[in-house]
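# Coordinates in review
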Amino acid sequence: MGGESEDIERKGSMGRRSSRGVHPVQEPFPVAPGQVAVDESHLRKRYSWLIPLFLVANVTMFVIVMYVNNCPRNIIPGKHCVVRFFGRLSFQPLSENPLLGPSSTALEDMGALEVNKVVHDHQGWRLITCVWLHAGVVHLLANMLGLLFIGIRLEQEFGFLKIGIVYLLSGYGGSLLSALFLQKTISVGASGALFGLLGAMLSELITNWTIYANKCAALSTLVLIVALNLGVGILPHVDNFAHIGGFISGFLLGFILLVRPQLGWVDQANIPPGYEVESPIKSKHKAYQYIFWVMALVVLIAWLAVATVMVFRGVNANDHCSWCHYLSCVPTSRWSCDDSNSMTCNTTIGNNSLILTCQSNNKTQSFQGMASESDSRISQLCAQLCT
């Protein structure tokens, strides 16, 4: 009898665990002593297919734009296309586009963000289409490498739906801020969407702070990466407002879409029937996560709604912020940030000829038999003359 009582006491001590331990109240579940049966399927990484699809879409759009560009046909006399053996897909002269890509006119025709057309011609779709266009091979490669490096990991962890929403809304947010501040040039590129993914990574780290190890090192690294990329944006011909707008949108979306449950809640939810938990976790998320969620949702809706209305009303945000233009370009002795006259030409038509004079370099060229060319074609000729 004494031996049996000792066995019973030993079994009872094995069944008891520390705080939040699991105790069988019915027939024991067949697991090893001292272990808890937990379904770990939620920890497996998902298969990433949306981010590669976005990459294919961007590359495809670039090839289509180059086909429409048709450099050999539209080049002016005295200029030469780059990589001419590509034929119709050859690039504009490096003096016009050092990124190995199409002309600004081709980009504009294919949906680049041009504020006047958004406001006066009611072409609001340009706020979306510009995200899928790129200025050149260099621009495309830089963005697509960033997309693969950042996007695939996020899609594997959070799924295609959440990351797709972050990518698309961040791109739209970047276009809005760009349209409010850069109203004299066109804008293209997926950089705003990429910065949105970076912003979402940062807010995801903050809102899920308690579940991470080495959190300070991760935060410092992420902030440094964001700061360096934004720092590059102060160079000329880089649309840093799209970067900032995309980052803000993605940062807010991360608090809304990328919230993880607190430690122990998932394991508790997967406990098999017949087991009970000491000190159960009643809430899936912590209180501060709910606060961040509500605040981010309100700010995001307000930001996108107000910015959209301002863009379609033709508001120039530079009139309300005299220093904000420095966020996108800082002039130095090596470069200027004033592009107002760089691609502007005086036009004279006579004797079935078109005479253009570039205002920035005073170059003049006559084009015989081109007096009836379209405005888009004249803009393309002017761009080539001024470079």
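Residues numbered from 1 in each chain as written. Predicted model: local features only at pLDDT ≥ 70, side-chain atom pairs only at ≥ 80, totals over all residues. Heavy atoms only, no water.

Right, let's get into the overall build of the protein chain. The helix and strand tally for the protein chain stands at 14 helices and five strands. Of all 387 residues assigned to the protein chain, the portion counted as buried reaches 40%. A separation of at least 24 residues holds for 69% of the contacts in the protein chain among residues at least 6 apart in sequence. Here the protein chain has roughly 20,900 Å² of accessible surface; of this, 62% comes from carbon and sulfur atoms. (Helix = DSSP H or I, 4+ residues; strand = E, 2+ residues; numbered from the N terminus. Buried < 20%, exposed > 50% of the residue type's maximum accessible area, 1.4 Å probe, protein only. Contact = heavy atoms within 4.5 Å. Areas by Shrake-Rupley, 256 points an atom, 1.4 Å probe, with all protein chains shown as cover.)

What follows deals with the side chain of serine 187. By secondary structure assignment, the location of serine 187 is in the loop between helix 8 (160–181) and helix 9 (191–207). A polar contact is formed between the side chain of serine 187 and the side chain of aspartate 239, at a distance of 2.5 Å. Once residues lying within four places of it in the same chain are set aside, the contact partners of serine 187 are Ala112, Leu113, Cys130, Ser178 and Asp239. (Polar contact = N/O pair within 3.5 Å; in protein donor to acceptor, adjacent residues only side chain to side chain.)

Positionally, valine 166 belongs in helix 8. The class for valine 166 is buried, based on a relative accessible area of 0%. Sequence separation between valine 166 and leucine 258 is 92 residues; the distance between their C-alpha atoms is 9.8 Å. What valine 166 contacts, discounting residues up to four positions off in sequence, is Gly196, Leu197, Ala200, Gly250, Leu253 and Leu257.

Once that is clear, we can look at the pattern of salt bridges. If you walk through the whole model with that rule in mind, you get four salt bridges. Close ionic contact of glutamate 157 with arginine 260 constitutes a salt bridge, the shortest N to O distance being 2.5 Å. With a gap of 103 residues between them, glutamate 157 in helix 7 (residues 137–158) and arginine 260 in the loop between helix 11 (240–257) and helix 12 (265–269) connect regions that are remote in the sequence. With a shortest N-O distance of 2.8 Å, glutamate 204 and arginine 260 are connected by a salt bridge. (Salt bridge = Lys/Arg side-chain N within 4 Å of Asp/Glu carboxyl O.)

Here we come to helix 2 (residues 50–69). In this model, helix 2 (20 residues) spans 28 Å end to end at C-alpha, consistent with the 28 Å of a helix rising 1.5 Å per residue. Along helix 2, the positions that sit buried rather than exposed are Leu50, Ile51, Phe54, Asn58, Phe62, Val65, Met66 and Asn69. Buried residues along helix 2 cover an arc of 160° about the axis, so they all sit on one side. Of the residues flanking the end of helix 2, it is asparagine 70, one or two places downstream, whose phi is positive at about 50°. (Expected span 1.5 Å × (residues − 1). Arc of directions from axis to C-beta.)

The next thing to look at is the packing of helix 2 against helix 7. Here helix 2 crosses helix 7 at 170°, and the two axes come no closer than 9 Å. Classified by the interaxial angle, the pair formed by helix 2 and helix 7 is roughly antiparallel. At the point where helix 2 passes helix 7, the crossing takes the right-handed sense. Here Leu50, Ile51, Pro52, Phe54, Leu55, Asn58, Val59 and Phe62 of helix 2 come into contact with helix 7, specifically with Val137, Leu140, Met144, Leu147, Leu148, Gly151, Ile152 and Glu155. Of the residues in the contact of helix 2 with helix 7, the class split is 13 nonpolar, two polar and one charged. (Axes fitted to C-alpha atoms, helices over the stretch in contact; angles between N-to-C directions. Parallel < 35°, antiparallel > 145°, perpendicular 65-115°, else oblique. Left-handed = near helix turned anticlockwise from the far one by under 90°. Nonpolar A, V, L, I, M, F, W, Y, C, P; charged D, E, K, R; others polar.)

Core analysis: the largest hydrophobic core is formed by 57 residues, its most contacted members being Leu147, Tyr167 and Leu197. Within the residue set of this core, elements represented by two or more residues are helix 2, helix 5 (115–120), helix 7, helix 8, helix 9, helix 10 (215–232), helix 11 and helix 13 (287–312). Discounting chain neighbours no more than four positions away, the residues touching leucine 197 are Leu147, Ile150, Gly151, Leu154, Ile163, Val166 and Tyr167. Within the second largest apolar cluster, twelve residues are counted, among which are Ile76, Cys358, Met370 and Leu385. (Core = buried A, V, L, I, M, F, W, Y, C linked by side-chain atoms within 4.5 Å.)

Take the packing of aromatic side chains next. Per the stated rule, a full pass over the model turns up eleven aromatic pairs. Each ring, one from phenylalanine 255 and one from phenylalanine 292, has its centre 5.0 Å from the other, and the planes form 45°; the classification is tilted. You can see phenylalanine 255 sitting in helix 11 and its partner phenylalanine 292 sitting in helix 13, a full 37 residues away along the chain. Exposure remark for phenylalanine 255: the relative accessible area of 7% places this residue in the buried category. Residue classification places phenylalanine 292 among the partly exposed residues on the basis of a relative accessible area of 28%. Grouping aromatic residues by their ring pairs yields a cluster made of Phe247, Phe251, Phe255, Tyr288 and Phe292. Positioned over the ring face of tyrosine 67 is arginine 88, at 3.8 Å from the centre of the ring. (Phe/Tyr/Trp six-rings, centres within 6.5 Å; stacked < 30°, edge-to-face > 60°. Lys NZ or Arg CZ within 6 Å of the ring centre and 35° of its normal.)

In this section: the state of the cysteines. Enumeration over the complete set of coordinates arrives at two disulfides. Cysteine 71 shares a disulfide with cysteine 81; S-S distance 2.0 Å. Between cysteine 71 and cysteine 81, the S-S dihedral sits near -100°, and the bridge is therefore left-handed. Here the residue cysteine 71 occupies a position in helix 3 (residues 71–74), and cysteine 81 occupies one in the loop between helix 3 and helix 4 (104–109), the gap between them amounting to ten residues. With respect to burial, cysteine 71 and cysteine 81 carry one shared label: buried. (Disulfide = S-S within 2.5 Å.)

The phi angle at asparagine 70 is positive, at roughly 50°, despite the residue not being glycine. Tracing the backbone through its elements, the reader meets asparagine 70 in the loop between helix 2 and helix 3. A positive phi angle, close to 55°, is found at valine 83, a residue other than glycine. Tracing the sequence through the fold places valine 83 in the loop between helix 3 and helix 4.

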